[in-house]
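# Examination of the molecular architecture
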Amino acid sequence: MRIQFKNPAQAFAALATVTVAADQVCTLEERRTLFDQTRHLEIFQDLSQVEFARLLEDAVDIVYTTLPWDEYAVTWQGIADLIEA
């Protein structure tokens, strides 16, 4: 399945989303820590807090609705599709 992102920042946020869920245990603390750290990367510097939150919501939506999942994690094919995008 072909995934399309609006910009590189959205693609990076999607990768972060898959990273959080990779061990099939996605705690709120893991997610919060990763995204709090990610927020300070240069790729996101031009975004307001609201824009960043919206970007993350869109990225999570793409990951959960587009990529194939095997129970609680994206399949290897899904990861390959994400990297290809």
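Not measured: the values here are computed from a predicted model. Along each chain, the written sequence defines residue order, and numbers are assigned to residues from 1. Two thresholds apply to this predicted model, a pLDDT of at least 70 for residue-level local features and 80 or more for giving and counting side-chain atom pairs, whereas whole-chain, interface and lining totals are computed over all residues. Excluding hydrogens and water, the side-chain figures rest on all heavy atoms present in the structure.

### Description of the nonpolar core
In this text, buried Ala, Val, Leu, Ile, Met, Phe, Trp, Tyr and Cys residues form a nonpolar core when linked through side-chain atoms within 4.5 Å. Only protein chains enter the accessibility calculation, which uses a 1.4 Å probe; a residue is then buried when its area is under 20% of its type maximum, exposed when over 50%, and partly exposed in between. Among the nonpolar cores identified, the biggest contains 18 residues, and Phe-5, Ala-14, Val-18, Leu-55, Val-63, Leu-67 and Leu-82 are the most heavily contacted of them. Under the scheme used here, helices are H or I runs from DSSP no shorter than 4 residues and strands are E runs no shorter than 2 residues, and both carry numbers assigned from the N terminus. Mapped onto this core, the elements with two or more residues apiece are helix 1 (8-21) and helix 3 (49-66). Counting residues per element, this core draws most heavily on helix 3, which supplies 6 residues. Two residues qualify as a contact provided that any one of their heavy atoms is within 4.5 Å of a heavy atom in the partner residue. With sequence-adjacent residues up to four places away left out, Phe-5 is seen in contact with Gln-10, Ala-11, Ala-14, Ile-62, Leu-82 and Ala-85.

### Some points on the side chain of Arg-39
Looking at where Arg-39 falls in the secondary structure, it is placed in the loop between helix 2 (28-38) and helix 3. Of the side chains with opposite charge, Glu-51 comes closest to the buried, unpaired Arg-39, at an N-O distance of 7.0 Å. A distance of 3.0 Å separates the side chain of Arg-39 from the backbone oxygen of Phe-44, its partner in a polar contact. Residue contacts for Arg-39: discarding those within four places in its chain leaves Phe-44, Gln-45, Leu-47, Ser-48, Gln-49 and Phe-52. Charge assignment: positive for Lys and Arg, negative for Asp and Glu; neither His nor the chain ends contribute. Salt bridge, as used here: a side-chain nitrogen of Lys or Arg that lies within 4 Å of a carboxyl oxygen of Asp or Glu. Any pair of nitrogen or oxygen atoms within 3.5 Å is treated as a polar contact; in protein, a donor-acceptor pairing is required on top of that, and neighbouring residues in sequence qualify only through side-chain atoms on both sides.

### Focus on a nonpolar patch on the surface
A contiguous nonpolar patch, built from Phe-12, Leu-41 and Ile-43 and spanning about 220 Å² of accessible area, is present on the exposed surface. In this structure, Leu-41 sits in the loop between helix 2 and helix 3. Relative accessible area serves as the criterion here: at 35%, Leu-41 is assigned to the partly exposed category. Without a salt bridge and with relative accessible area above 30%, a residue can belong to a patch; like charges are then joined within 9 Å and nonpolar side chains (Val, Leu, Ile, Met, Phe, Trp, Tyr) within 5 Å. We get accessible surface area from the Shrake-Rupley algorithm with a probe of 1.4 Å; when it comes to residues, only the shown protein chains can shield them.

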